[in-house]
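# Descriptive analysis of the structure
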Amino acid sequence: NRNARRSWSECRHERRAEALAASRDKTAIIWDANSKEPIHVLRHDNKLYYVSWSPDSRFIATCPTEPGSIIYIWDINSGKQVTRLPFKENGCWRV
């Protein structure tokens, strides 16, 4: 399905040549903004709504849409999940 991969949240880093996208297909993708090739595909159990860079540019946070979800923290360089933070509110709308 063409629409299944459409992103809900996108952001480009001001100092890195990378961009992030959160997608309905349960992935967040770190893209090389110059080559437009994926660097890391971060898989989740639920559809994602938001992605955000950390202030020090070392991590990203991803947030599913479902209530009682978990905010995931990822290492940008390795693409590995660092930790999970419980989120008890009625869905995540910003990270």
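The structure reproduced in this document is the subject of the present report. (Residues numbered from 1 in each chain as written. Predicted model: local features only at pLDDT ≥ 70, side-chain atom pairs only at ≥ 80, totals over all residues. Heavy atoms only, no water.)

## Some points on the nonpolar core
Where we set the bar: The term nonpolar core refers to a set of buried residues drawn from Ala, Val, Leu, Ile, Met, Phe, Trp, Tyr and Cys, joined through side-chain atoms within 4.5 Å. Working definition: with a 1.4 Å probe on protein chains only, accessible area under 20% of the residue-type maximum means buried, over 50% means exposed, and in between means partly exposed. Secondary structure elements follow DSSP: runs of H or I no shorter than four residues count as helices, runs of E no shorter than two count as strands, and numbering proceeds from the N terminus.
Of all hydrophobic cores here, the largest spans twelve residues; its members are Leu 20, Ala 22, Ala 28, Ile 30, Leu 42, Leu 48, Val 51, Trp 53, Ile 60, Tyr 72, Trp 74 and Ile 76. At the level of secondary structure, the elements contributing two or more residues to this core comprise strand 2 (18-23), strand 3 (27-32), strand 5 (48-53) and strand 7 (70-75). Among the elements that line this core, the one with the most residues is strand 5, at three residues.

## Digging into the pairing of strand 7
Rule in force here: Any two strands with at least two DSSP bridges between them are considered paired.
Note: strand 6 (residues 59-64) against strand 7, four bridges, orientation antiparallel. Within strand 7, the position partnered with Ile 60 by the bridge is Trp 74. Relative to strand 8 (residues 81-86), strand 7 runs antiparallel, the two sharing five bridges. Paired with Ile 70 across the bridge in strand 8 is Pro 86.

## A look at the sheet that holds strand 5
Strand pairing in a sheet relies on backbone hydrogen bonds, with the paired strands running either antiparallel or parallel. Threshold: In this analysis an axis means a line fitted to C-alpha atoms, helices contributing only their contacting stretch, and an angle means the value between N-to-C directions, from 0 to 180 degrees.
The four strands are arranged 5-6-7-8 in an open sheet whose pairing can be described as antiparallel. Looking at the sheet topology across the chains shown, the edges are occupied by strand 5 and strand 8. If you compare each strand with its neighbour and ignore which way they point, the axes differ by 20 degrees on average.

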